[in-house]
Amino acid sequence: MSGLFSALSSFWAWIGYAFDPLCGPVGLFRIFASDTIVACGDAGWGDEIAFGVKVTISLALVTLPVGLVLGFFIALALQSRDKALRTAAGIYTTIFRGLPELLTLFIVYYGLQMAIQSMLAYMGVEERIEINAFFAGMIALSVVFSSYCSEVLLSAFRAIPKGQYEAGDALGFHRGRTMLLIILPQLIRIALPGLGNLWMSLLKDTALVSVIGLSDILRQTGVAAKVSKEAFFFYLLACCLFLVLAMLSSIGIGFIDRWTKRSEVRR
Amino acid sequence: MSYAEKLLPPQPAPPVLAPPVSWSRIFGLCVMGLWAALAASLLYMMVSGWDNEKFLRYGPRYLSGLWVTVSLVGLSVVMGALMSLPIAFARMSTSKVLNAISYCYVYIFRGTPLLAQLYLIYYGLGSFKPQLDSVGLWWFFRDAWYCGLLSLTLNTAAYQAEILRGAIQSVPRGQHEGAAALGLPKKVAFLKIILPQALIVALRPYGNEIILLIKGSAVVAVITVFDLMGQTRYAFSRTFDYQAYLWAAIFYLAIVEALRHLWAWIEARLTRHLKR
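Residues numbered from 1 in each chain as written. Chains lettered and ligands numbered in written order. Predicted model: local features only at pLDDT ≥ 70, side-chain atom pairs only at ≥ 80, totals over all residues.

In the nomenclature of an unreviewed UniProt entry, chain B is known as ABC transporter permease of Ferirhizobium litorale. Looking at chain B in UniProt, the text filed under Sequence similarities (unreviewed entry) is "Belongs to the binding-protein-dependent transport system permease family. HisMQ subfamily." (UniProt positions renumbered as here; feature names shortened; annotations may be inferred.)

By the naming in an unreviewed UniProt entry, chain A goes by ABC transporter permease and is assigned to Ferirhizobium litorale.

So, in structure tokens, the structure goes:
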């Protein structure tokens, strides 16, 4: 069993190396910048920055499904018939849309740390706990993402006519099946532009986790800038990397948009 | 053939059935209870952890931080609005060069994080000290406050240019044609016919942009500007008291909510001629 795991992990490491766009065998830095300050390996900062890119992308990709699911349920709660549920969800979105993302991040990071510590102290364990910056960043970003996402999904829900639900009832579908087969496909189609914008802002917000010490793009380039005294070059590189990520994701969103509209009538 | 001899007497309304207890009601009440417990525990934390000395020491600092945040955001919104005018017009012009330049500006500033722009301006440009000194701009790029102001202004100018462009282009073509049919010069038509309609469309996005900027301005704390967030981090680093962040949260929430309601009122007031 452990052999399987080590084989899997080495395979995963090989994939990460082979398809690395910056420092892989056909990476940009390896081919075009092998004897500059961003060379891969010990000579330059290339591999550190490539690692930062991976961290940023994985943080955004991990946050996305959590935020989407949470946002979907909050949107359902926001349009529920029950007043208590509506109010509770409204308080959630008001708080997390009103707080700066940086402050949310700090509150989650230090708050979780203190909560766990006090709980351990209550149980009689005195220990200094430091929670994972990736985990704290994921929680904070998905909370913020979900509160914006719920607003987008809510307006998309309102754009779906009541007749669609009635059609589901007429076909004898269970409510979950109506949601899954009739409402959700239309919902995605309507909400996609808004969700695309949210994804872009999520990608930009991941830069904030560098402040609590997660080695993302901005942190790695910042370290490189401090050590090499080439601040302008490295921060420009960071901006360019974020721009490239934004361009790639707008291309991707365009593909998804066309895919969701494949069954619409061509006019 | 039969017909009703007399009217039916008025019937009492059917009894109101108590709504059945559903899962959503239970869950909603649970979450409301959770919020209430959270609010009560925060209140308890504040009352029990109240320290007059800390309040006297850090209270004025919070207020000065609040002033820094407000002045930073206010100045950058105004200067960004001024800067966004030429960008929006360049974006709508028929000249390919102007179009490309303004498109690149908007794309770059909307596609990169504010924090990265801030680092680029403060640390990046700050590394060109001799050159900046010879031009006589070093005093500007030496000061974190000015750098924060510059990056916030550049950032919001890009967003406001897009808002303005979208709003101007949302005015239907018939309005241009109507103005032309009345023989109005282009300038007058723009100022008196197009712009008022465009600004009403732009009102809501402008409000959102100001709120986003207030929230975004918290990142200037990272380059040692003592705005509200900066003072919070200072207080936390001195006292390790979690209340520091809670106070900041209260301040930010109060500002954002007040602005949101104020903006909704302004919008309702300015568009009251459109309501039927």
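The structure having been displayed, the exposition proceeds.
Attention now goes to the overall build of chain B. Across its full length, chain B holds 11 helices and 0 strands. For chain B, whose C-alpha radius of gyration is 28 Å, the value lies well above the compact-globule estimate of 19 Å for 276 residues. Seen through its C-alpha atoms, chain B measures out along the principal axes to roughly 110 × 70 × 30 Å. For chain B, restricting intrachain contacts to residue pairs at least 6 apart in sequence, the fraction spanning at least 24 positions comes to 75%. (Helix = DSSP H or I, 4+ residues; strand = E, 2+ residues; numbered from the N terminus. Rg over C-alpha atoms; globule rule 2.2 N^0.38 Å. Contact = placed C-beta atoms within 7 Å.)

Below, the discussion takes up helix α6 (residues 133-159) of chain A. For α6(A), which comprises 27 residues, the first-to-last C-alpha distance of 39 Å matches the rise-based estimate of 39 Å (1.5 Å per residue) to within 8%. Across the 27 residues that make up α6(A), a large majority, 19, are buried. (Expected span 1.5 Å × (residues − 1). Buried ≥ 20, exposed ≤ 12 C-beta atoms within 10 Å, placed from the backbone.)

With that settled, the discussion passes to the UniProt feature "domain: ABC transmembrane type-1" (unreviewed entry) in chain A. The UniProt record marks residues 53-254 of chain A with the feature "domain: ABC transmembrane type-1" (unreviewed entry), using the residue numbering of this structure. In the segment residues 53-254 of chain A, helix accounts for 83% and strand for 0%; the C-alpha atoms at its two ends are 22 Å apart.

All names here are of chain B. If you check UniProt for "transmembrane region" (unreviewed entry), the listed places come out as residues 26-46, 66-90, 102-125, 137-159, 210-229 and 244-266 in our numbering. As a span, residues 66-90 carries 100% helix and 0% strand, and end to end its C-alpha atoms are 36 Å apart. In residues 244-266, helix accounts for 100% and strand for 0%; the two terminal C-alpha atoms are 33 Å from one another.

Moving on: the interface of chain B and chain A. Between chain B and chain A, the contact holds 35 residues from the first and 36 residues from the second. At the level of secondary structure, the elements contributing two or more residues to the side of chain B that touches chain A comprise α1 (23-48), α3 (96-111), α4 (114-124) and α11 (243-270) of chain B. Tallied by class, residues from the side of chain B that touches chain A come to 25 nonpolar, 7 polar and 3 charged. (Nonpolar A, V, L, I, M, F, W, Y, C, P; charged D, E, K, R; others polar.)

Bringing the packing of helix α10 (residues 228-239) of chain B against α11(B) into the picture now. Residue and element names in this part refer to chain B. Interhelical geometry of α10 versus α11 gives an angle of 165° and a closest axis separation of 8 Å. If you check the angle between α10 and α11, you find them roughly antiparallel. With respect to the hand of their crossing, α10 and α11 are arranged in right-handed fashion. The segment α10 lies against α11, with L228, M229, T232, A235, F236 and T239 engaging A244, Y245, A248 and F251. Looking at the contact of α10 with α11 residue by residue, the class counts come to 8 nonpolar, 2 polar and no charged. (Axes fitted to C-alpha atoms, helices over the stretch in contact; angles between N-to-C directions. Parallel < 35°, antiparallel > 145°, perpendicular 65-115°, else oblique. Left-handed = near helix turned anticlockwise from the far one by under 90°.)

A few words now on the UniProt feature "domain: ABC transmembrane type-1" (unreviewed entry) in chain B. Residues given the UniProt feature "domain: ABC transmembrane type-1" (unreviewed entry) here are residues 66-263 of chain B. A distance of 20 Å separates the end C-alpha atoms of residues 66-263 of chain B, which is 84% helix and 0% strand.

For the rest of this paragraph, the subject is the UniProt feature "transmembrane region" (unreviewed entry) in chain A. All names here are of chain A. In this structure's numbering, the residues bearing the UniProt feature "transmembrane region" (unreviewed entry) are residues 55-78, 90-112, 132-157, 178-200 and 232-256. The distance separating the terminal C-alpha atoms of residues 55-78 is 33 Å; by composition the span is 100% helix and 0% strand. The distance separating the terminal C-alpha atoms of residues 232-256 is 36 Å; by composition the span is 100% helix and 0% strand.

As a further point, take the confidence of the model for chain B. Per-residue confidence for chain B gives a mean pLDDT of 90; residues scoring 70 or more make up 100%. Both confidence scores are given for the complex: pTM 0.87, ipTM 0.87. (pLDDT = per-residue confidence, 0-100.)

Let us now look at the nonpolar core. Grouped together as the largest cluster of nonpolar side chains are 119 residues, with contacts concentrated most on L103(A), A238(A), L115(B) and A116(B). In terms of residues, this core owes the most to one element, α6(A), which gives 14 residues. Among all residues touching A238(A), those that are not within four sequence positions of it are I217(A), L218(A), T221(A) and A116(B). (Core = buried A, V, L, I, M, F, W, Y, C linked by C-beta atoms within 7 Å.)

Moving on to the packing of helix α3 (residues 46-78) of chain A against α6(A). Residue and element names in this part refer to chain A. Remark: α3 packs on α6, axes separated minimally by 6 Å, with the N-to-C direction vectors making an angle of 45°. Considering their axes alone, α3 and α6 lie oblique with respect to each other. When you trace α3 past α6, the crossing you get is right-handed. Across from L59, V62, T63, V66, G67, L68, L70, G71, F72, I74, A75 and L78 in α3, the residues of α6 making contact are F134, G137, M138, L141, S142, F145, S146, C149, S150, L153, L154 and F157. Residues of the contact of α3 with α6, tallied by class, amount to 17 nonpolar, 7 polar and no charged.

What follows concerns the environment of C149(A). All names here are of chain A. Structurally, the position occupied by C149 is in helix α6. For C149 and L198, which are 49 residues apart along the polypeptide, the C-alpha to C-alpha distance reads 7.2 Å. With residues up to four places along the chain from it excluded, the contact list for C149 reads G67, L68, G71, L195 and L198.

Looking at chain A as a whole, the pLDDT averages 88, with 97% of positions reaching at least 70. The element-level mean pLDDT for chain A is lowest in helix α2 (residues 28-32) of chain A, coming to 73, with α6(A) highest at 94.

Turning our eyes to something else, we now look at unusual backbone geometry. At K229(A), a position not held by glycine, the phi torsion is positive, near 60°. Assignment of secondary structure puts K229(A) in the loop between α9 (217-228) and α10 (231-260). Phi at F240(B) takes a positive value of approximately 50°, unusual for a residue other than glycine. With respect to the helices, strands and loops of the structure, F240(B) is situated in the loop between α10 and α11. Using a count of 10 C-beta atoms within 10 Å as the deciding quantity, one classes F240(B) as exposed.

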